[in-house]
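Reading the structure
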Amino acid sequence: MTEMKKVNWKVPFLLALSLFVLGSFAYWMEFQQKPKREEKEEQAKKLFLLKDTQVQSVNIVTGKKAYLLKCLDLEAKLCKPGDNSKWEVAEPVKLRADDSNVNSLLSTLNNINASDTIGLKEESPEKRAALLKDYGLDPLARADGRRIEVTTGAGTALLYLGQTHPIGEAIFALRGDPAQVDENSVYLIPNYFRTNFEKDLTHWRDKKLVNFAAQDVINFKLDGGKAKSISGAKSDGKWSLNFKKESYPGDTENIEALLNSLSFLAAKDFVAESKDDKTAKAALRGAKVDLKISVEKGEQAKPGETVVLTLYRKSGKTADRLFATVSNKDQLFELEINSKNRLDKDLKDLRLTKLITSMERFTAKRLEFSGTPIGSPPLVAVNTEGKWVSMPEKVELDSEKLQKMLDKLSGNRIKEFLTGRQIPAGEKDGLRVLIGDEKVEKKQQFVFWKNSGKLYARDHGSQRPEAFLIDFAVQDDLPWNRDFFKPTPKPSPTPPAEQRK
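It should be emphasised that the depicted structure is a prediction, and the values quoted were computed from it without experimental measurement.

Regarding the layout of surface pockets
The space that makes up the largest pocket amounts to roughly 820 Å³. Along the wall of the largest pocket there are 31 residues; nearest its centre are P249, L352, K354, T357 and E360. Elements with a contribution of two residues or more to the lining of the largest pocket: β12 (238–243), β13 (246–249), α6 (252–263), α9 (358–363), β22 (414–419), β24 (444–451) and β26 (466–470). Here the element with the most residues in the lining of the largest pocket is α9; it accounts for four residues. Residue composition of the lining of the largest pocket, grouped by class: 10 nonpolar, 10 polar and 11 charged.

Set out below in structure tokens:
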């Protein structure tokens, strides 16, 4: 019997161990060190190192003109790139800043990279000075040129802009601080960055005309424009409108859209810092009041300040101009000419165009249908434990169809409001729909009818002698026959082929 040769496992073990170590090292290099190295290389290209840094101020200097922007949220530590920071213009005059524009600038500073670097360290002092002059970055050009200064807790970083590169869309730039400028490295930065030096004070200052949110408003009034005069008041979260001494339910969404348009209204330009000075009076000479909006903010029990916005239209040879004053501000503003269109609303723009509100739709527990299409007796549907059943039979109905009908009625379905001879015939033979909740059986009462291919409705719960032209999409979801809500029988399953033989 041959003696078995003893296997030596030492060499394979050492080889396996070496492969494991090398593999682990490669993994460490690929997934641990490579991202760090790439991030370090990326950071080296950045001209401002602002990541997770509180920026105290940004100073944009062009010759003798400078705009100093200071962050107002330092104590809250919300002055980093990406924060929704509040700012002020500190120079040349002290004003609230346009936070959106300044925060956009801060993001630009945080993300701007050099596309290339020109090294001048090895050049002679004479050659370096000549090149810097060609680039528009010599000391004399820098003193009268463009620079941006970013001040943080670590100090102030400067970026000087020179001439445009003769080939390509790039600008020569130098970095430094107030004590010393690094003349050994010239950076090429994107050409778009120069636009920040072309902005005027209007760009950097706050241009909002009013300072309130739509939900803070409890009363408003429009004078002039399409409606001539219309007012609105909010009570318990619902809006009511007053027009020609009559009251109408207001459409919350449309009214809040109007108030949001007002709260975001921004000036195109500042004509005068005082609406009472000669410049303002000259600008308004020949202008006519086009629209006046009064807004009261506060709470129902605690009315607050009333702010009045007045729009003036001035006809010109080539184009009209739109000016504005605000009762609690000194300036005379100029607006984009189409700004009035977002604020000039009529009754039909603001009144409720839903047959039922979203809240009434979800609290509906009892529905009653009657009239010529249904016959006698009325069809009554009650929601019990999430299912709709007919009463008194307690036969389950097609809940999906009933819910779809309610969805249609709670949408913006009123297309026109009709009065007098505008109302077509057919109402007496129409479909009557009563909607109730757990407490009130007949909370809403409507009648629907068709005439000449159109759908009409009247609210029998309203004392107003008017009818509605309804979106035709509602018609197919109304029960024009008694069996409309009966569940559709499900087809019997087809037996297997072998059973059919």
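A few points about the pattern of salt bridges
What the rule picks out here adds up to 28 salt bridges. For E149, the salt bridge identified is with R147, shortest N-O distance 2.6 Å. With a shortest N-O distance of 3.1 Å, E368 and R366 are connected by a salt bridge. Within this structure, D290, R313, D320, K340 and D344 form a network of salt bridges that share partners.

Side note on the nonpolar core
Core analysis: the largest hydrophobic core is formed by 34 residues, its most contacted members being L209, F220, L262, L309 and L343. Here this core takes four residues from α6, the largest share from any one element. In contact with L209, not counting residues within four places along its chain, are L265, A266, A267, L309, A324, V326, K329, F333 and L335.

A short note on the side chain of S85
With respect to the helices and strands, S85 occurs in the loop between β2 (65–71) and β3 (87–91). With relative accessibility at 0%, the residue S85 sits in the buried group. A polar contact is formed between the side chain of S85 and the backbone oxygen of L78, at a distance of 2.5 Å. Excluding its chain neighbours within four sequence positions, the residues that come into contact with S85 are C71, D73, L78, C79, K80, D99 and N103.

Brief notes about the packing of aromatic side chains
What the rule picks out here adds up to nine aromatic pairs. One aromatic cluster is present, built from ring pairs that chain together F369, F484 and F485. Taking NZ or CZ as reference, R142 lies 5.6 Å from the ring centre of Y160, over its face.

Remarks on the environment of L109
Assignment of secondary structure puts L109 in helix α2 (residues 99–111). Under the relative-accessibility criterion, L109 is labelled buried at 0%. For the pair L109 and L47, spaced 62 residues apart in sequence, the C-alpha separation works out to 7.8 Å. Filtering out sequence-adjacent residues up to four positions away, L109 remains in contact with F48, L50, V58, I148, V150 and F193.

Re the state of the cysteines
Within this structure, the stated rule accounts for one disulfide. Across the disulfide from C71 sits C79; the S-S distance is 2.0 Å. Looking along the S-S bond of the C71-C79 disulfide, the torsion reads about -85°, which is the left-handed sense.

Comments concerning the sheet that holds strand β6 (residues 146–152)
Pairing between the strands of a sheet is mediated by backbone hydrogen bonds and can be parallel or antiparallel. With antiparallel pairing, the nine strands of this open sheet are ordered in space as β4-β3-β2-β1-β6-β7-β8-β9-β5. This sheet does not close on itself; its edge strands, each paired only once, are β4 (95–96) and β5 (116–119). One ladder, built from seven bridges, connects strand β1 (residues 55–62) with β6; its direction is antiparallel. Directly across from V58, in β6, lies its bridge partner V150. Sitting on the sheet, α2 touches β1, β2, β3, β4 and β6, and the angle it makes with β1 is about 90°.

A word on unusual backbone geometry
Put simply, E91 and P92 share a cis peptide bond, and its omega is 5°. Relative to the elements of secondary structure, P92 occurs in the loop between β3 and β4. The omega torsion across S376 and P377 is 0°, close enough to zero to call that bond cis. With respect to the element layout, P377 can be found in the loop between β19 (366–371) and β20 (379–384). Here K245, not a glycine, exhibits a phi torsion of approximately 65°, which is positive.

Quick notes on α6
Counted at 1.5 Å a residue, the expected span for α6 with its 12 residues is 16 Å, and the 16 Å between its end C-alpha atoms agrees. Every buried residue belonging to α6 is among I255, L258, L259, L262 and S263, and all of these are buried. Buried residues of α6, seen end-on, are gathered within an arc of 140° and therefore sit on one face of the element. Capping the start of α6 is the job of one residue whose side-chain oxygen sits 3.0 Å from the backbone nitrogen of E253: D251.

A word on the pairing of β1
Where burial is concerned, most of β1 is hidden: six out of the eight residues are buried. Summarising the sheet, β1 and β2 pair through six bridges and their orientation is antiparallel. Bridging from a neighbouring strand, S57 pairs with K70 of β2. Taking the residues between adjacent antiparallel strands as the criterion, β1 and β2 are bridged by two residues, where G63 takes a positive phi near 60°.

Quick notes on the sheet that holds strand β25 (residues 454–459)
The eight strands are arranged β21-β20-β19-β23-β24-β25-β26-β22 in an open sheet whose pairing can be described as antiparallel. Both outer strands of the open sheet, β21 (387–391) and β22, are each paired with one neighbouring strand and no more. Taking the axes of each pair of neighbouring strands and ignoring which way they run, one obtains an average angle of 25° across the sheet. Two elements, β25 and β26, share three bridges in a ladder whose sense is antiparallel. Across the sheet, Y456 pairs through a bridge with L469, a residue of β26.

Analysis parameters
- Residues numbered from 1 in each chain as written.
- Predicted model: local features only at pLDDT ≥ 70, side-chain atom pairs only at ≥ 80, totals over all residues.
- Heavy atoms only, no water.
- 1 Å grid on protein atoms, 1.4 Å probe; cavity = no way out; pocket = protein on both sides within 12 Å on 5 of 7 lines; lining within 4 Å.
- Points joined across faces, edges and corners; volume = space filled by probe spheres on them.
- Helix = DSSP H or I, 4+ residues; strand = E, 2+ residues; numbered from the N terminus.
- Nonpolar A, V, L, I, M, F, W, Y, C, P; charged D, E, K, R; others polar.
- Salt bridge = Lys/Arg side-chain N within 4 Å of Asp/Glu carboxyl O.
- Core = buried A, V, L, I, M, F, W, Y, C linked by side-chain atoms within 4.5 Å.
- Buried < 20%, exposed > 50% of the residue type's maximum accessible area, 1.4 Å probe, protein only.
- Contact = heavy atoms within 4.5 Å.
- Polar contact = N/O pair within 3.5 Å; in protein donor to acceptor, adjacent residues only side chain to side chain.
- Phe/Tyr/Trp six-rings, centres within 6.5 Å; stacked < 30°, edge-to-face > 60°.
- Lys NZ or Arg CZ within 6 Å of the ring centre and 35° of its normal.
- Disulfide = S-S within 2.5 Å.
- Pairing = 2+ DSSP bridges.
- Axes fitted to C-alpha atoms, helices over the stretch in contact; angles between N-to-C directions.
- Expected span 1.5 Å × (residues − 1).
- Arc of directions from axis to C-beta.

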